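Residue-level listing of the chains:
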Amino acid sequence: MKKMYWISLAYVVFGLVAGLLNHEVAYWTNFTGESAMSVGHPHAILLGGLVFLLLPLFMKSFAVEKQKSFQVFLWVYNIGLIITLGFMTARGISQLLVMPFPNFWDHMVGGLAGIGHIILTVGLGFLFHALIKSAHERSDK
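Residues numbered from 1 in each chain as written. Predicted model: local features only at pLDDT ≥ 70, side-chain atom pairs only at ≥ 80, totals over all residues. Heavy atoms only, no water.

**With respect to the overall build of the chain**
So, step 1. Looking only at helices and strands, the chain has 4 helices and 0 strands in total.
So, step 2. Taken along its principal axes, the extent of the C-alpha atoms in the chain is 60 × 30 × 20 Å.
So, step 3. Summarising the internal contacts of the chain: among those between residues at least 6 apart in sequence, 83% fall at separations of at least 24.
So, step 4. Summed over its atoms, the accessible surface of the chain is roughly 8,500 Å², and 73% of this surface lies on carbon and sulfur atoms.
So, step 5. Within the chain, one finds 9 positive and 6 negative side-chain charges whose respective centroids are separated by 15 Å. (Helix = DSSP H or I, 4+ residues; strand = E, 2+ residues; numbered from the N terminus. Contact = heavy atoms within 4.5 Å. Areas by Shrake-Rupley, 256 points an atom, 1.4 Å probe, with all protein chains shown as cover. Lys, Arg positive; Asp, Glu negative; His and termini not counted. Charge placed at Lys NZ, Arg CZ, Asp CG, Glu CD.)

Following this line, the structure appears as structure tokens:
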């Protein structure tokens, strides 16, 4: 359980730093639009911080961590979230600094962030599999 709290803290800190970076860079560059960074920091706080803050409740209620699919969830979900946040941050920084990148780069980064979202969805599938299986095992007893 302690591991989940540390993971949650890491994502919350990243989200807060990303939000601060977004605010300060936008302020100093007089950026007035919306960037991927302004959406990225809530992604980190909610999909990282909140999910891993709530997981210990499931661990205590259902012993979900004993399921093999839960361990797969941890790896897949974290990899997907790191990919998503990394490419959202890269795209957000390029938008905030008004970097003249070609259209290809913009589409590539957006596509890779999308792949990160797909990996996140697969990870959530493993989590729900573990939850359902552990709930069935608990009700069978």
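From this point, the discussion proceeds with the structure in view.
**Observations regarding the side chain of threonine 89**
So, step 1. Here threonine 89 lies in helix H3 (residues 68–96).
So, step 2. Taking the relative accessible area as the measure of exposure, threonine 89 reaches 18% and is therefore buried.
So, step 3. Ignoring sequence-local partners within four residues, the contact set of threonine 89 consists of Phe14 and Met37. (Buried < 20%, exposed > 50% of the residue type's maximum accessible area, 1.4 Å probe, protein only.)

**Re a nonpolar patch on the surface**
So, step 1. Together, Met1, Tyr5, Leu46, Leu50, Leu53, Leu54, Leu57, Phe58 and Phe62 make up a nonpolar patch on the protein surface, roughly 810 Å² of accessible area in all.
So, step 2. Ranked by the residues each element gives to the nonpolar patch, the list is headed by helix H2 (residues 36–62), at 7 residues.
So, step 3. Position of tyrosine 5 relative to the elements: it lies in helix H1 (residues 2–29).
So, step 4. The exposure class of tyrosine 5 is partly exposed, given its relative accessible area of 40%. (Patch = residues over 30% accessible without salt bridge, like charges linked within 9 Å, V, L, I, M, F, W, Y side chains within 5 Å. Salt bridge = Lys/Arg side-chain N within 4 Å of Asp/Glu carboxyl O.)

**Here's the deal with the nonpolar core**
Grouped burial of nonpolar side chains is what soluble globular proteins tend to show.
So, step 1. Core analysis: the biggest nonpolar cluster contains 19 residues, and Met4, Phe52, Leu55, Phe70, Phe73 and Tyr77 have the highest contact counts within it.
So, step 2. Take this core: its biggest share by element is 6 residues, from H3.
So, step 3. Sequence-distant contacts of leucine 55, that is, excluding residues within four places in its chain, are made with Met4, Phe70, Phe73 and Leu127. (Core = buried A, V, L, I, M, F, W, Y, C linked by side-chain atoms within 4.5 Å.)

**Examining the side chain of asparagine 22**
So, step 1. Within the fold, asparagine 22 resides in helix H1.
So, step 2. Residue classification places asparagine 22 among the buried residues on the basis of a relative accessible area of 13%.
So, step 3. Looking at asparagine 22, its side chain comes within polar contact range of the side chain of serine 35, at 3.1 Å. (Polar contact = N/O pair within 3.5 Å; in protein donor to acceptor, adjacent residues only side chain to side chain.)

**Some points on H2**
So, step 1. For H2, which comprises 27 residues, the first-to-last C-alpha distance of 37 Å matches the rise-based estimate of 39 Å (1.5 Å per residue) to within 8%.
So, step 2. In H2, a bend of some 30 degrees at valine 51 exceeds every other bend along the element.
So, step 3. When we look at burial in H2, the residues that qualify are Ala36, Met37, Gly40, His43, Ala44, Gly48, Gly49, Val51, Phe52, Leu55, Pro56 and Met59.
So, step 4. Looking at the buried side of H2, the elements it contacts are H1, H3 and helix H4 (103–140).
So, step 5. Following H2 by one or two positions, alanine 63 has its phi on the positive side, about 55 degrees. (Expected span 1.5 Å × (residues − 1). Bend = angle between axes of the 7 residues up to and from the residue.)

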